[in-house]
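# Chain and residue survey
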Amino acid sequence: MQFSRMEKLGFGVLVTAWVVWGTNKIGDTLVHAQEPEKMGFDVAVADQSDAAEAAPKEAEKPVMELLASADPKRGAKVFKKCTACHSAEAGAKHKIGPNLWGIVGHDQGKAEGFNFSGALTGLGGKWTMEELDKFIADPKGYAPGTKMTFRGIPKNSDRAALLVFLESLK
Ligand code: HEC
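First things first, this report covers the structure right here in the doc. (Residues numbered from 1 in each chain as written. Predicted model: local features only at pLDDT ≥ 70, side-chain atom pairs only at ≥ 80, totals over all residues. Heavy atoms only, no water.)

## Some points on the overall build of the protein
Across its full length, the protein holds nine helices and zero strands. In the protein, the succession of helices and strands from N to C terminus is α-α-α-α-α-α-α-α-α. Residues counted as buried form 30% of the 170 residues belonging to the protein. Residue pairs in contact within the protein that sit at least 24 positions apart in sequence constitute 47% of those at least 6 positions apart. When the accessible surface of the protein is totalled, it reaches about 11,600 Å², and 62% of it is carbon and sulfur. (Helix = DSSP H or I, 4+ residues; strand = E, 2+ residues; numbered from the N terminus. Buried < 20%, exposed > 50% of the residue type's maximum accessible area, 1.4 Å probe, protein only. Contact = heavy atoms within 4.5 Å. Areas by Shrake-Rupley, 256 points an atom, 1.4 Å probe, with all protein chains shown as cover.)

The structure is reproduced here in structure tokens:
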């Protein structure tokens with residue numbers, strides 16, 4: 001098939017326009033990705049999309065206040081993040097981390113047949129709901145040097161659900 005000169009020219013213009021437009025788009029995307037805080041309007045839009053995460057509403061009430069209405073079934077789902085390293089059934093084997101059956105109210109850093117780091121054996125207290133909450137929010141912040149390589153669960157409502165699930169393991 002033969003193209004006339006005009007057709008080729010037109011085609012060339014189209015391709016050029018497309019490339020220029022595309023480059024702008026990519027440029028925009030990069031700018032958005034790198035400097036979201038300077039784009040006031042865009043940030044407002046983005047915030048709406050994960051409002052549940054960002055807004056200090058129900059989800060961000062203190063965990064101790066959320067416990068009463070927290071759902072252990074949801075907690076069991078959140079616990080899936082832990083099952084790579086922890087079992088939760090009575091008498092189940094330790095994995096990379098200790099078995100967590102009966103953990104609420106249990107001594108910190110003590111479990112038959114599990115070799116804790118000094119970061120946990122040195123705590124010397126009990127795993128109350130408050131202490132578990134702080135540990136699970138930020139394991140390394142709570143027990144610097146812990147060998148639990150898990151970055152924590154930032155969302156309060158997730159931790160509340162997880163805590164009532166852990167409390168049910170008895
Ligand atoms: C990558 C593996 C890993 C993941 C994921 C993990 N843990 Fe751990 N966890 C450990 C290890 C290892 C220890 C022992 C830490 C130490 O001795 O410093 C531990 C210790 C603990 C302890 C202290 C137990 C005791 O008897 O003192 C609790 C409580 C705990 N983890 C809860 C959780 C929960 C809840 C989650 C999920 C939100 C979780 N962990 C996710 C590896 C993990």
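## Thoughts on the packing of aromatic side chains
We describe a pair of aromatic rings using the distance from one ring centre to the other and the angle between the two ring planes. This model, assessed by the stated rule, comprises five aromatic pairs. An angle of 35 degrees between the planes, with centres 5.0 Å apart, marks the rings of Trp 127 and Phe 135 as tilted. In this structure, Trp 127 and Phe 135 share a single accessibility class: buried. A connected cluster of aromatic rings, assembled from ring pairs, spans Trp 127, Phe 135 and Tyr 142. (Phe/Tyr/Trp six-rings, centres within 6.5 Å; stacked < 30°, edge-to-face > 60°.)

## Overview of the site of the ligand
Residues in contact with the ligand amount to 26 residues; listed here are only the nearest, Cys 82, Cys 85, His 86, Ser 117 and Met 148. Contacts to the ligand include His 86, whose side-chain N or O atom sits 2.7 Å from a nitrogen atom. At 2.9 Å from an oxygen atom of the ligand is found a main-chain nitrogen or oxygen belonging to Lys 147. Take the shell around the ligand: its biggest share by element is three residues, from helix α7 (residues 129-137). Tallied by class, residues from the shell around the ligand come to 17 nonpolar, seven polar and two charged. (Near = heavy atom within 4 Å. Polar contact = N/O pair within 3.5 Å; in protein donor to acceptor, adjacent residues only side chain to side chain. Nonpolar A, V, L, I, M, F, W, Y, C, P; charged D, E, K, R; others polar.)

## Some details on helix α9 (residues 156-167)
One turn of the α-helix equals 3.6 residues, which is why residues spaced by three or four share an orientation. Between the first and last C-alpha of α9 there are 16 Å, a value that for twelve residues agrees with the 16 Å anticipated at 1.5 Å per step. Within α9 the residues assigned to the buried category are Asn 156, Ser 157, Asp 158, Arg 159, Ala 160, Ala 161, Leu 162, Leu 163, Val 164, Phe 165 and Leu 166. Residues of α9 that are buried in the fold lie against α4 (63-66), α5 (72-78) and α7. (Expected span 1.5 Å × (residues − 1).)

## Describing the coordination of the iron atom of the ligand
Protein coordination of the iron atom of the ligand is provided by His 86 (NE2) and Met 148 (SD), with donor distances spanning 1.9 to 2.1 Å. The site at the iron atom of the ligand holds six donor atoms, and with the angles between them running 86 to 179 degrees, its shape is octahedral. One end of the pair, His 86, is in the loop between α5 and α6 (118-121); the other, Met 148, is in the loop between α8 (139-142) and α9, and 62 residues separate them in sequence. Taking relative accessible area as the criterion, His 86 reaches 10% and is therefore assigned buried. (Donors = N, O, S within 2.8 Å, 3.2 Å for Na, K, Ca; no water. Tetrahedral: all angles 85-135°; square planar, octahedral: opposite > 155°, others 65-115°.)

## So, the environment of Ala 76
Position of Ala 76 relative to the elements: it lies in helix α5. Separated by 88 residues in sequence, Ala 76 and Val 164 place their C-alpha atoms 9.2 Å apart.

All quantities given are derived from atomic positions and should not be read as evidence of function.
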